[in-house]
Amino acid sequence: LQAEAELDAGPVWAFETFTLRTARKSSIYRREVTEAASRAVRLAVERFATGNFIPTPQENFSPLPGKQQPLMQQKDRRIDWSKDTTAMILSRINAADGFPGVADSLLEQPCHLFDACAEEGALPGEPISMRFSSHPPGAVVARRETALLRKTVDGAVWIGHVKRPGGIKLPATLALAESLASAFAHIPDLALDSWWAASGQTWQDIRYAENDALGFLHFDFYNGAMSSAQCQRLQTAYEWACTRPTKIIVLMGGADSWSNGIHLNTIEAAEGNVAGHAAETARSPAAESWANINAIDDLAEAIIRTESHLTIAALQGNAGAGGCFLARAADLVWVREGVLLNPHYKNMGNLFGSEYWTYLLPPRVGNQGANDIMQNRLPMTAAEGVKAGFLDAKLSADPADFCVEVAQCAAELAAAPDFAERLRSKLARRVTDEAIKPLATYRAEELAQMRRNFYGFDSSYHVARFRFVHKTPNSWTPRHLAIHRAPDWSA
């Protein structure tokens, strides 16, 4: 739309359409909306460059039927747990996911609901409707890791995240820790008995599947954020996967986000004065930051030191900061076309970063290339990542096709006659690297810088984290984007 005095009222320069799938609003935005918008922007620029294109006024623009609708209110999203089906509840929460969530209450605490998942036959034993027949619809009937299971009139739905008044969005069990403490005796823990992917739909943030010589480890963490506990659980799952009789482990991440590094919201919630939330084991944000970076470093090290398998990071969704280097810890990184990476830490209060990036990055892109990537602060496309050497391959843009192509290429790699030699070469390279400079030294050097970020006199990281978590708008356009404000020293 052309910019006019009235917001979003200008004429149309370009438009794109896409097939709407059943998913969270935030997922639709990350995939279909952003990719369609990118195509439309390029088309608009091409039309502008011709100098003779005339945009169409909105009142004359009708390629598809429809009309502008009024802004949706919470009353339009309201859930009636005594009447609404699981499908209706999911549609409401999905349509509000990301922002603003659905206003409701949980364990008698007012909150906004996010991150919903239906429970459809994955639990052992009798159906949900029978198993919890004594509970009324809307009651919390079970828990699993960070999610709570809530009964509906025809089944149940998992709630993964909530936001309490005056607080921040957090995993449900953390946000409602005080209420859960008194209710735990009455809320059973429906922990899954293995890492294997459940047979039916359920809330399972880490799941494993196998296909002949390939092991696929999925970790679908909300928004790609990885808390200390999630990193530790994922490391346990990964080390278990390494015991399986396979040749290659494919780290699939989540459908929308592969990983965005440490969990800034749970770190912020470690502060005792966060409104409406209990302090997490009395840790400070600095202490929780330190625990989180060490937990993700442990996971990265486990991947780097893997001797039994070749490893592939298959990025279906975007990755940022430490998540980019966690992916690079794998032997190969394959990325879906359309995925964006933000492989830098500077925007978060000039964090130095860890996850062994000082070991992993320079051999791939050179010292100058590593410096450019870490200082640039701009997103990296899949094509740019491959060209720079940071990524190994760019595969299909369509998410379903990407997963098929990953499986096919990984199977070919596992069946290749030189597979054993590739594995031996990997181990020899690791031995040589360790002799030149141990991994422990890289980690100690990185964490020395991170300790200054977390505990030093410069509070930039803590200020930036607070602003990010609480969605405080910038007072001005950041300097790395407003390049027109850079001083011209030649003048």
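The preceding data block contains the structure.
Sequence order sets the numbering: in each chain, residues are counted from 1 along the sequence as written. Note on the predicted model: pLDDT of at least 70 is required for a residue's local features to be given, and 80 or more for side-chain atom pairs to be given and counted; whole-chain, interface and lining totals, by contrast, use all residues. Side-chain numbers come from the whole structure's heavy atoms, not from hydrogens or water.

Student: Report on the overall build of the chain, specifying residues and quantitative values.
Tutor: Each helix is a run of DSSP H or I of at least 4 residues and each strand a run of E of at least 2, with the numbering of both proceeding from the N terminus. When you go through the chain residue by residue, the secondary structure sums to 17 helices and 16 strands. In summary, the chain has a C-alpha radius of gyration of 24 Å against a globular reference of 23 Å for 491 residues, a match within 12%. When its C-alpha atoms are laid out on the principal axes, the chain stretches across 65 × 65 × 55 Å. Taking as baseline every contact in the chain between residues at least 6 positions apart, the subset at least 24 positions apart corresponds to 68%. Only the protein chains shown count as covering a residue, and every accessible area follows the Shrake-Rupley method with a 1.4 Å probe. If you sum the accessible surface of the chain, you get close to 24,400 Å²; carbon and sulfur atoms cover 55% of it. The quantity called the radius of gyration is restricted to C-alpha atoms. Its globule counterpart is 2.2 Å times the number of residues to the power 0.38. By definition in these notes, contact holds between two residues if any of their heavy atoms fall within 4.5 Å.

Student: Give me helix 7 (residues 228–241): which residues, what numbers.
Tutor: In this analysis, the expected span of each helix is defined as 1.5 Å times one less than the number of residues it contains. Here helix 7 contains 14 residues, and its C-alpha end-to-end distance of 20 Å stays within 8% of the 20 Å for a straight helix at 1.5 Å per residue. Exposure classes here rest on a 1.4 Å probe applied to the protein chains alone. A residue is buried below 20% of its type maximum, exposed above 50%, and partly exposed in between. For helix 7, the complete set of buried residues consists of Ser 228, Gln 230, Cys 231, Arg 233, Leu 234, Gln 235, Ala 237, Tyr 238 and Ala 241. Lining the buried residues of helix 7 we find strand 7 (206–211), strand 8 (214–219), strand 9 (248–253), helix 9 (285–304) and strand 11 (310–315).

Student: So, the side chain of Arg 233: which residues are in play, and what are the values?
Tutor: Following the sequence through the fold, Arg 233 ends up in helix 7. A distance of 2.9 Å separates a polar atom in the side chain of Arg 233 from a polar atom in the side chain of Asp 205. If we ignore the near neighbours within four places in the chain, the residues touching Arg 233 are Glu 145, Trp 195, Asp 205 and Ile 206. Any N or O atom pair separated by 3.5 Å or less is treated as a polar contact, with the protein-specific requirement of one donor-capable and one acceptor-capable atom, and with residues adjacent in sequence counted only for side-chain atom pairs.

Student: Account for helix 14 (residues 399–415), with residues named and values stated.
Tutor: Three- or four-residue spacings in an α-helix give side chains the same orientation, since the helix completes a turn every 3.6 residues. Helix length check: helix 14, at 17 residues, gives a terminal C-alpha distance of 24 Å against a target of 24 Å (1.5 Å per residue), a fit within 8%. All of the buried residues along helix 14 are Phe 402, Val 406, Ala 410, Leu 413 and Ala 414. Looking down the long axis of helix 14, one finds its buried residues gathered within 100° of arc, a one-sided arrangement. Looking at helix 14, the residues exposed on the side facing more than 90 degrees away from the buried face are Ala 400, Glu 412 and Ala 415. Summarising the contacts, the buried residues of helix 14 are in contact with strand 8, strand 9, strand 11, strand 13 (332–336), strand 16 (393–395) and helix 15 (419–436). Of the residues that open helix 14, the one with a side-chain oxygen 3.1 Å from the backbone nitrogen of Ala 400 is Asp 398. By definition, the arc is the one covered by directions from the helix axis to the C-beta atoms.

Student: Describe in detail the pairing of strand 1 (residues 102–106), supporting the description with residues and values.
Tutor: Of the two faces of strand 1, the one lined by Val 102, Asp 104 and Leu 106 is fully buried and the one lined by Ala 103 and Ser 105 carries no buried residue. For two strands to pair, DSSP has to find at least two bridges joining them. Strand direction decides the pairing type here: strand 1 and strand 2 (residues 109–119), joined by five bridges, are antiparallel. When the bridges of strand 2 are listed, Asp 104 appears paired with Cys 111. Connecting strand 1 to the antiparallel partner strand 2 that follows it, the hairpin turn spans two residues, and Leu 107 within it adopts a positive phi of roughly 55°.

Student: Tell me about the sheet that holds strand 7, residues and numbers included.
Tutor: Ordered in space as 7-8-9-11-13-16, the six strands form an open sheet in which the pairing is mixed. Among the strands making up the open sheet, the edge pair consists of strand 7 and strand 16. Direction aside, the axes of adjacent strands within the sheet are offset by 25° on average. As judged from the five bridges shared by strand 8 and strand 9, these two strands associate in the parallel manner. Within strand 9, the residue paired with Leu 214 across the bridge is Ile 248. Lines fitted to C-alpha atoms define the axes here, with helix axes fitted over just the stretch in contact, and angles between the N-to-C directions of these axes take values from 0 to 180 degrees. Against the sheet, helix 7 engages strand 7, strand 8, strand 9 and strand 11, with an angle of about 15° to strand 7.

Student: So what's going on with the environment of Val 45? Which residues, and what values?
Tutor: The topology assignment puts Val 45 in helix 1 (residues 25–50). Remark: the alpha-carbon pair of Val 45 and Asp 80, spanning 35 residues in sequence, is separated by 47 Å.

Student: Explain the packing of aromatic side chains to me, and be specific about the residues and the numbers.
Tutor: Where two aromatic rings form a pair, the distance of their centres and the angle of their planes describe that pair. Aromatic pairs are defined between Phe, Tyr and Trp rings, using the six-membered ring for Trp, whenever the two ring centres lie within 6.5 Å; interplanar angles under 30 degrees are classed as stacked, those over 60 as edge-to-face, and all others as tilted. All chains considered together, the criterion is met by 14 aromatic pairs. The interplanar angle of 85° and the centroid separation of 5.6 Å between the aromatic rings of Trp 196 and Trp 240 together place this pair among those described as edge-to-face. You can see Trp 196 sitting in the loop between helix 6 (177–183) and strand 7 and its partner Trp 240 sitting in helix 7, a full 44 residues away along the chain. By relative accessible area, which is 32% here, Trp 196 ends up partly exposed. Taken together, a centroid distance of 5.1 Å and an interplanar angle of 75° make the contact between Phe 219 and Trp 258 edge-to-face. One end of the pair, Phe 219, is in strand 8; the other, Trp 258, is in strand 10 (residues 257–259), with 39 residues separating them in the sequence. This pair shows no difference in class: Phe 219 is buried, exactly as Trp 258 is. Every member of this aromatic cluster is reached through a ring pair, and the members are Phe 325, Tyr 345, Phe 352, Trp 357 and Phe 390. Here the guanidinium or amino end of Lys 247 rests over the ring plane of Phe 419, the centre of that ring lying 5.3 Å away. One cation-aromatic arrangement involves Lys 437 over Tyr 442; the distance from NZ or CZ to the ring centre is 4.2 Å. Sitting over a ring, as applied to charges here, requires NZ of Lys or CZ of Arg to be within 6 Å of the ring centre and within 35 degrees of the ring normal.

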